[in-house]
Amino acid sequence: MKKVFAREEYCLGCKLCEVYCVTSHSRSKDVVKAHKSEEITPAVIIESGENLSFALQCRHCDDAPCVRACITGAMQKDPETGIVKYDENKCVGCWTCIMTCPYGAVKRDEYNRNIISKCDLCSETGEPACAANCPNNALVYKEQEEEGE
Amino acid sequence: MDYLIIGNSAAGIGGVEGIRKNDPEGKITVVSDEPYHCYSRPLISYFLSGKVDYEKMKYRADDFYQKNNIETRLGTRVRTLKPSGKKVVLETGEVIKYDKLLLATGGLPFVPPVKGSDKENIYTFIKLDDAYRLKDIVETPGKSGSQSAVILGAGLIGLKVAEALAKLGLKVTVVELADRVLSTILDQEAAAIIQKHLEDKGIRFNLADTIEEFAGNKKANTARLKSGFTLDCDLGIVAVGVRPNLELVKDTPLEVNRGILINNQMETSIEDIYASGDVCEGQDMLRGTSGVIPIWPNAYNQGLTAGQNMAGADQSYDECFARNSIGFFGLPMITAGIINPLEEEIDQYEIYRQDSPGDNSYKKIIIKDDRIVGFICINNVDRAGILTGLIKEQKNIADIKDKILNADFGYLSFSEEWRREKLTK
């Protein structure tokens, strides 16, 4: 399946991926409104140190451990698209997925709603906004390379 | 192929999904003594406090059984298991034959021999019916505010029910034999944080003590403690632990220790019988010993593995170890693995610890032979799964130990090679 891959040697640490992630998941789809009047937790995690930065999203694992561990059934892998997504109405904020995800790619909602936030590959628009708006192509949306390629 | 699954919770549903991965056709029958659509047991305290309703507790969609072509016998107990004839007899008299059987019968509350624990108003709390019963009592109009609840046991179940009852306005006291709360998953420091937090919310504790008697007539009105204290008790809850539900197998030749013994393929000692979840006893990957590890993710993963193998696959699940994510009144915690090394073995471990008393945050990471074997995260639980992943992988972390408590600990802390290997997946 197609996923977002980071090329850390190109990442400038500008955090535009975060900005466009929020915008893409907003109702208004407007950069300013999304940040000023909507409460949206970015689903991308930016790791940055002294000489290194990169963005990290849910890897949409084939045999996703978060799906297997979810106590409510909120987290599911879509059999058609392969996207690992969660049902807000079923999530109770128990953080079992946070305990389980080896990438640390599931976040707690930052606005005190007791639910998680994670990448859905912008399933609403069809194209991950983080990669589409990365100014230096440090995030690319592409097919996963098979073993040995 | 005829599959039979006894049990309709995490392990049983894992079994269904495992079988259907490999065999879309075979006949699957699910039997459970509970009459409900599969639901999330850990949510019963949320149900009690009113945070979720029954609909929201459903673990799978309404059409789950239909979509997976499952025959159900819900609300029906299995009376006997006859491994020699590969069949079970239900309490209705119905006989169900199987080619492959999954025992996913879960756990039963352990009730210690406390005098008066059979009185009308003394309960256990592990399943939905228990929550319905309690809800009925505490929702009697005008009563809840004046009621006193006494809970025996400060483990996960005891504290979750304490939280729910306190939220409903009851006066709640927890009595615990150990000298701290959550003694199996927390150390002294972490337990003190949680206890203080719960006390701030009005819950009282009598630690290093136990209940000698629930005293009264048909209903208890007083709990007498070993220390001599007495507590008002309009309702009592015994929550000292669960034990494997072995009722069905006790007259069979199936090998049992504390739970039904299984290997990493979830096979029991009898061919074509598998077991998963709280009823079974398997290998603890961290302790290297056999044990019952009654937690939800293990149950589902074991069930899934069993199901796949019942349908002809050759899968194993060898990632069993204790881990819990839980919270009380908005304070979350995630703990995993060995968090309290034995005193006599303490020099084999390295312990990294960080606390900031101001905001209830605490972190402890336990390392043995340069590998993480356990951790506790209180309040700041973000990205704890990275640690869980390192435990599962038994990754040698010698070169990054000095970074492990850093606020920005993450994939950037690792070697480029390892990071690339992981993140190109």
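A. Layout of the sheet that holds strand S15 (residues 230-232) of chain B. Residues and elements named next belong to chain B. The three strands are arranged S13-S14-S15 in an open sheet whose pairing can be described as antiparallel. In this open sheet, the two strands that pair with only one neighbour each are strand S13 (211-216) and S15. In this sheet, neighbouring strand axes are inclined to one another by 25 degrees on average, regardless of whether the strands run parallel or antiparallel. Here S13 runs beside strand S14 (residues 220-225); their pairing, made up of five bridges, is antiparallel. Following the sheet pairing, Ile211 is matched in S14 by Leu225.

B. The packing of helix H1 (residues 10-22) of chain B against helix H8 (residues 296-310) of chain B, seen in detail. All names here are of chain B. Where H1 contacts H8, the two axes come as close as 6 Å, and the packing angle between them is 35 degrees. Crossing of H1 against H8: the hand is right-handed. Residue-level inspection shows Ala10, Ala11, Gly12, Ile13, Gly14, Gly15, Val16, Glu17, Gly18, Ile19, Lys21 and Asn22 of H1 in contact with H8, the latter providing Trp296, Ala299, Tyr300, Asn301, Gln302, Gly303, Leu304, Thr305, Ala306, Gly307, Gln308 and Met310. For the contact of H1 with H8, the class distribution of residues is eleven nonpolar, eleven polar and two charged.

C. Spotlight on the environment of B:Asn360. All names here are of chain B. By the element assignment, Asn360 lies in the loop between strand S24 (349-356) and strand S25 (361-368). A count of 18 C-beta atoms within 10 Å places Asn360 in the partly exposed class. Linking Asn360 and Asn379, residues 19 residues apart in sequence, is a C-alpha distance of 6.3 Å. Sequence-distant contacts of Asn360, that is, excluding residues within four places in its chain, are made with Ile193, His197, Leu331, Ile378 and Asn379.

D. Local environment of the domain arrangement of chain A. Residue and element names in this part refer to chain A. Looking at the assigned domains, one finds that chain A contains domain 1 (1-57 + 119-143) and domain 2 (60-118). Opposite the twelve residues of domain 1 that make contact, domain 2 presents 14 residues. Looking at side-chain class alone, the side of domain 1 that touches domain 2 contains six nonpolar, three polar and three charged residues.

Conventions adopted
- Residues numbered from 1 in each chain as written.
- Chains lettered and ligands numbered in written order.
- Predicted model: local features only at pLDDT ≥ 70, side-chain atom pairs only at ≥ 80, totals over all residues.
- Pairing = 2+ DSSP bridges.
- Helix = DSSP H or I, 4+ residues; strand = E, 2+ residues; numbered from the N terminus.
- Axes fitted to C-alpha atoms, helices over the stretch in contact; angles between N-to-C directions.
- Left-handed = near helix turned anticlockwise from the far one by under 90°.
- Contact = placed C-beta atoms within 7 Å.
- Nonpolar A, V, L, I, M, F, W, Y, C, P; charged D, E, K, R; others polar.
- Buried ≥ 20, exposed ≤ 12 C-beta atoms within 10 Å, placed from the backbone.
- Domains from an automatic or database assignment.

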